[in-house]
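Here's the letter readout for the chains.
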Amino acid sequence: MNRPIAHLFAVIMVLFGLLIVWTSRWTVFDASALQHNSLNKLGFYAGLKIKRGRIVADNGEVLGKSLPAGGGTWKRTYPAGPLFAQSVGYDNPQLGSSAGLEKYHNQWLSGRPQSSLTSVFGPLGGGQTVGDDLHTTLDPRAQAAARSLLAGRVGSVVAIVPQTGALKVLYSNPTYNDNTPNAKGSSQFFNAVQGEYPPGSTFKVVTATAALNSGRYTPNSTIVGTSPLKVSGVPLQNDGNVSYGAVTLTKALTLSINTVFAQVGQNVGIHTMAKYMKRFGFYHYPPLDLPTDEMLASGERNPSNGHLLSPTSNLIDLGRMSIGQDKLAVTPLQMAMVASTVADNGTLMAPHLATRAVNNVGQTVKRFGPRAYSHVMKASTALELRQMMTSVVEEGTGQSANLQGLNAAGKTGTATVDVARNLDDAWFIGLAPVAHPKIAVAVELTNIVNGFGGTYAAPVAAQIMKLLISEGQ
Amino acid sequence: MRARNRELIGLVPASLLVTAGFAGVFIQRSNQLSNISLTYGAIFLGLCLIAHIFIRVTLPHADPYMFPLVAVLACFGLVMVYRIDSTLARQQAEWFVIGLVLFIGTIVAFRDYRKLEQYRYVIMVVSLVILVLPRIPGVGQYTAGAYLAVKVPGLGGFQPEEFAKIGLVIFLASYLRDTRQVLATGGRRFLGVSFPPIKHLGPIVVIWGVAMGIMVLLSDMGSSLMLYGGLLAMLYVATGRISFVLVGLIAFALGAWYLGTHISHVHARVEDWLHTFDPRVYAPKAGLGSFQVANGLFAQAQGGLFGQGFGQAILTVPGSNPPAYVIPAASTDMIFTVITDELGLFGSAALLLTYLILVGRGLKAAVMSTDSFSTLLATGLSAVVALQVFVIVGGVTRVIPLTGVTLPFVSYGGSSIVANFVLVAFLLLVSDRARRQARA
């Protein structure tokens, strides 16, 4: 009977081999798929037990923290709620979802994973996992001021420290409450970094950058500003259909003369325009520390499918793009980056929200930024642009930003979005003080009736800049 | 080295394991290394030493590795049950002691186990009767869609199938000793395989009937598969005819297929197995669904190669009160997934290898035995242990549909631990006799 017993043992070995193969399948080969299975709530349950780090504003105000919720679990709360919801985001295990800084910097906020070697007996020293605090650049007073200046209107305010890329204000209406992210009727869409707006005449700063820095023009070059002017076979008008004789580029920016900048753009050419746009960050997701799926890349978009066009696509109407129309879909953040570059002598610092991660005993474990994104133009070009933009504020379309002692420079934008109902996007991008800029801003107000940028957006921008400078920024 | 000294040394890993295991759980619980873990280690080492001395006196020639392997499994089980629920672990420790008492009792009572042959029909009838006890109204307990336990005042649930499996193996070993010569001869060849005459298919029909009966009456696919497989293995070893196995497997497959499509509980288990991650199966409108299987797999995925460490597996929803179970039956049916989660692929593979070695030692005793009854008894008992491990581990790793049988010596459960200690006592008895004769 010994041969059958040997056979029997062989069969048993095969059966046990199957068990080990299947166990390896779940523990190793299919582990990742199982962990990402939508029915798998283990990650969420593990999350309940983690005391996440706090999210802290630049003045130490706590924007997000974990409170004990019984049974060794923690509940995340956001004291400032809607004011910072869009950038702070949320980490909500109940919903199994997260957003904003909570998502982007989860690695720090949730604490570092253990290495597999120490895990046989669990975390020997610590007991529970405690995340790192995330310190941010956000300024609660300026952010609150932005909200009250928007006064309920749909729009965005972005303020950047030009030399570092630190975002002091990043606010849009409408917002949502990140304590209840799934509340009925609320939207997490963040206009400041996701909205698709025509930038209007604020884009003339980009065209002027290409014109000046390429050496094709100087601020004193003269161009005839006839209106209407045929551009790509279709007549283009100046505001009020006013015709100008030979005017300097400075004057054309000051009075925001469309037909001049259309010609400038066409003379500079699409390749040069594309080069400078890319340096400013167009056609690329913003280098901001928010999840990519919560941001939008600015640029010309194909109206039929919404996709970004190639920057040199022959679908682009170069003349109209040069004055901020055509199919440009641009975020307020992108235009703030343009202003910031001009303010920082031609260098674009990557905009960022987080400055450092600090562990629970107060040691800084990671620093973020500042980091240069690109060198867009010569310092001398930036200086010329600042002078031209000073003229806009002092004697042009942006005079309502000309506050006593602020010494702002800027550019207005009024982008028609609905001719029939007279609806415009009102824009202002600017910087102050012009001699040594400390802050750069972009303000955008959506669907304003006869919404001239100089009337609606410039005063908001001026107030925000004034507040931030008075705070010592 | 003499066999008993090897056994003694073999107990060292078991006591180290229980000490280190409890220490690990303690550190995890309270961040401190309490000397209670040493106390526990010492107590279990003491108990194992008593059993060892008893074996040394009564069964000096018995296989020296079997008892240490069982001690390792039982101690490991205690640590895991303690990690899951310390109250259950206290009861499990009591059952461990009762199991050792019955282990010693079995060795004393059946010193000459071959006298069991005289009572083979009584044993068979008693086994079959206690098997169907759970189905009798007022006596049985209905748990999770199957009739698995009998209510015993003061003891809680008693699972007769754990004992019935031993009784049926004893009966078949005895029956086949008498009839194997007849069964092994005659018949006609078909496709190169020699098939026995129809009249010799009697035993297989009876075994098949018992297995199907368990499925129909108790809705218990796991026990059915384990018993049927074990008895079929004995039939094969007794006759050397692969045709019995082929006929047997086909008959079982047909029966299981028919019942799987006609008994709703069995059918649901098959659906859970085939479509584990289908949301409709995962959380059906009625019944349990594949929630348990799926979450067992999710837990195993957390384990990876080395595991998350003791106490790291999530068994209940954190903060839920009363506890909402993420892994239902973590201390019994699902204990293998907790082991895999916390000790990883290496930990669970080591556990499976331990079982494989134990089964191998049991089969070695079968090979060394000189009489058919002993050989068949050791074969049957070893095969039943192997198949029990396969049924439950295969169930939680989705090799086969999940049905509730215990992981021998490791799962929480009084009947299981006591019955398996009795089973090992018989294996030691067979092995002692075989090795004594081999030396003589």
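Up top you'll find the structure we're talking about.
Here is a short report on the structure shown in this document. (Residues numbered from 1 in each chain as written. Chains lettered and ligands numbered in written order. Predicted model: local features only at pLDDT ≥ 70, side-chain atom pairs only at ≥ 80, totals over all residues.)

### With respect to the overall build of chain B
So the rule is basically this: Numbering of helices and strands runs from the N terminus, with a helix taken as a DSSP run of H or I at least four residues long and a strand as a DSSP run of E at least two residues long. To get the radius of gyration, use the C-alpha atoms; to get the globule rule, take the number of residues to the power 0.38 and multiply by 2.2 Å. Buried means a residue has 20 or more other C-beta atoms within 10 Å of its own C-beta, exposed means 12 or fewer, and partly exposed covers the counts in between; C-beta atoms are placed from the backbone. We call two residues in contact when their backbone-placed C-beta atoms lie within 7 Å.
Check the secondary structure of chain B and you find 15 helices and five strands. Expected size for 440 residues packed as a compact globule is a radius of gyration near 22 Å; at 22 Å, chain B falls within 12% of this value. The principal-axis extents of the C-alpha atoms in chain B amount to approximately 70 × 60 × 45 Å. Taking all 440 residues of chain B together, the buried fraction comes to 56%. Here the contacts in chain B between residues at least 6 apart in sequence split such that 70% fall between residues at least 24 apart.

### A short note on the interface of chain A and chain B
The condition is simple: Charged residues are taken to be Asp, Glu, Lys and Arg, nonpolar residues to be Ala, Val, Leu, Ile, Met, Phe, Trp, Tyr, Cys and Pro, and polar residues to be all remaining types, Gly included.
Each partner contributes residues to the interface: chain A has 43 residues there, and chain B has 56 residues. Elements that contribute at least two residues to the side of chain A that touches chain B include exactly α1 (2-29), α2 (31-35) and α3 (42-48) of chain A. Counting residues per element, the side of chain A that touches chain B draws most heavily on α1(A), which supplies 19 residues. Of the residues assigned to the side of chain A that touches chain B, the class counts are 26 nonpolar, 15 polar and two charged.

### Points about the sheet that holds strand β1 (residues 55-56) of chain A
Residues and elements named next belong to chain A. To be explicit about the condition: The rule for pairing is simple: two strands pair if DSSP sees at least two bridges between them.
Read from one edge of the open sheet, six strands run β3-β2-β1-β6-β16-β17, paired in mixed fashion. With one partner strand each, in any of the chains shown, β3 (74-77) and β17 (364-367) form the two edges of the open sheet. Of the strand pairs in this sheet, strand β16 (residues 354-358) and β17 are connected by three bridges, and their pairing is antiparallel. Each residue of the ladder has a partner; that of Arg356, found in β17, is Arg367.

### A few points about the sheet that holds strand β20 (residues 423-432) of chain A
Paired through backbone hydrogen bonds, the strands of a sheet run either parallel or antiparallel to each other. All names here are of chain A. The criterion, for reference: Axis definition: a line fitted to C-alpha atoms, limited for helices to the stretch in contact. Angles are taken between N-to-C directions and run from 0 to 180 degrees.
Read across the open sheet, the five strands follow the order β8-β7-β21-β20-β19; overall the sheet is antiparallel. A strand with exactly one partner marks an edge of an open sheet, and here the two such strands are β8 (167-173) and β19 (409-418). Taking the axes of each pair of neighbouring strands and ignoring which way they run, one obtains an average angle of 10° across the sheet. In this sheet, β20 lies alongside β19 in antiparallel orientation, the contact comprising nine bridges. Looking at β20, one finds that Ala415 is bridged to Asp425. Against the sheet, helix α14 (residues 332-343) touches β7 (155-160), β20 and β21 (439-449), its axis set at about 145° to β21.

### Considering the nonpolar core
Stated formally: By definition, a nonpolar core groups buried Ala, Val, Leu, Ile, Met, Phe, Trp, Tyr and Cys residues that connect through C-beta atoms lying within 7 Å of each other.
Core analysis: the largest hydrophobic core is formed by 159 residues, its most contacted members being Val70(B), Cys75(B), Met234(B), Val338(B), Leu377(B), Leu427(B) and Leu428(B). Apart from the residues lying within four places of it in its own chain, the contact partners of Val338(B) are Met80(B), Ile84(B), Ala299(B), Ala313(B), Ile327(B) and Ala330(B). Membership of the second largest hydrophobic core comes to 121 residues, among which are Ala208(A), Ile257(A), Val392(A) and Ala401(A).

### Describing helix α15 (residues 414-439) of chain B
Given 3.6 residues per helical turn, the α-helix brings residues three or four places apart onto the same face. Selection criterion: Multiply 1.5 Å by the residue count of a helix minus one, and that product is the helix's expected span.
Taking 1.5 Å per residue as the helical rise, α15(B) with its 26 residues ought to reach 38 Å, and the 37 Å between its terminal C-alpha atoms agrees with that figure. Of all the 26 residues making up α15(B), 21 are buried; the element is thus mostly covered by neighbouring parts of the structure.

### So, the pairing of strand β6 (residues 133-136) of chain A
All names here are of chain A. Burial along β6 is two-sided: the residues Asp133 and His135 and Leu134 and Thr136 are all buried. Across two bridges, the pairing between β1 and β6 is parallel. Each bridged residue has a counterpart across the sheet, and for Val56 the counterpart in β6 is His135. Alignment of β6 against β16, held across four bridges, turns out to be antiparallel. Looking at β16, one finds that His135 is bridged to Arg356.

### Description of the packing of helix α3 (residues 66-84) of chain B against helix α13 (residues 335-368) of chain B
Residues and elements named next belong to chain B. How we decide: For classification, angles of less than 35 degrees are called roughly parallel, those exceeding 145 degrees roughly antiparallel, those between 65 and 115 degrees roughly perpendicular, and all remaining angles oblique. Take the far helix as the reference: if the near one is turned anticlockwise from it by less than a right angle, the crossing is left-handed, and if turned clockwise, right-handed.
Between α3 and α13, whose axes approach to 10 Å, the crossing angle comes to 160°. With respect to each other, α3 and α13 are oriented roughly antiparallel. As α3 runs across α13, the sense of the crossing is left-handed. Residues Met66, Leu69, Val70, Val72, Leu73, Met80 and Ile84 of α3 pack against Ile335, Val338, Ile339, Thr354, Ile357, Leu358 and Arg361 of α13. Classifying every residue of the contact of α3 with α13 gives twelve nonpolar, one polar and one charged.

### Regarding the pairing of β7(A)
All names here are of chain A. With six of its six residues buried, β7 lies for the most part within the structure. Burial of β7 is two-sided: the residues Gly155, Val157 and Ala159 facing one way and the residues Ser156, Val158 and Ile160 facing the other way are all buried. In this sheet, β8 lies alongside β7 in antiparallel orientation, the contact comprising six bridges. The partner of Ser156 across the bridge, within β8, is Ser172. Linking β7 to β8, which pair antiparallel, is a turn of six residues; within it Gly165 sits at a positive phi near 85°. Looking at chain direction, β7 and β21 are connected through six bridges and run antiparallel. When the bridges of β21 are listed, Ile160 appears paired with Ala440.

Note that every value here comes from positions in space, so none of it alone points to a role or purpose.
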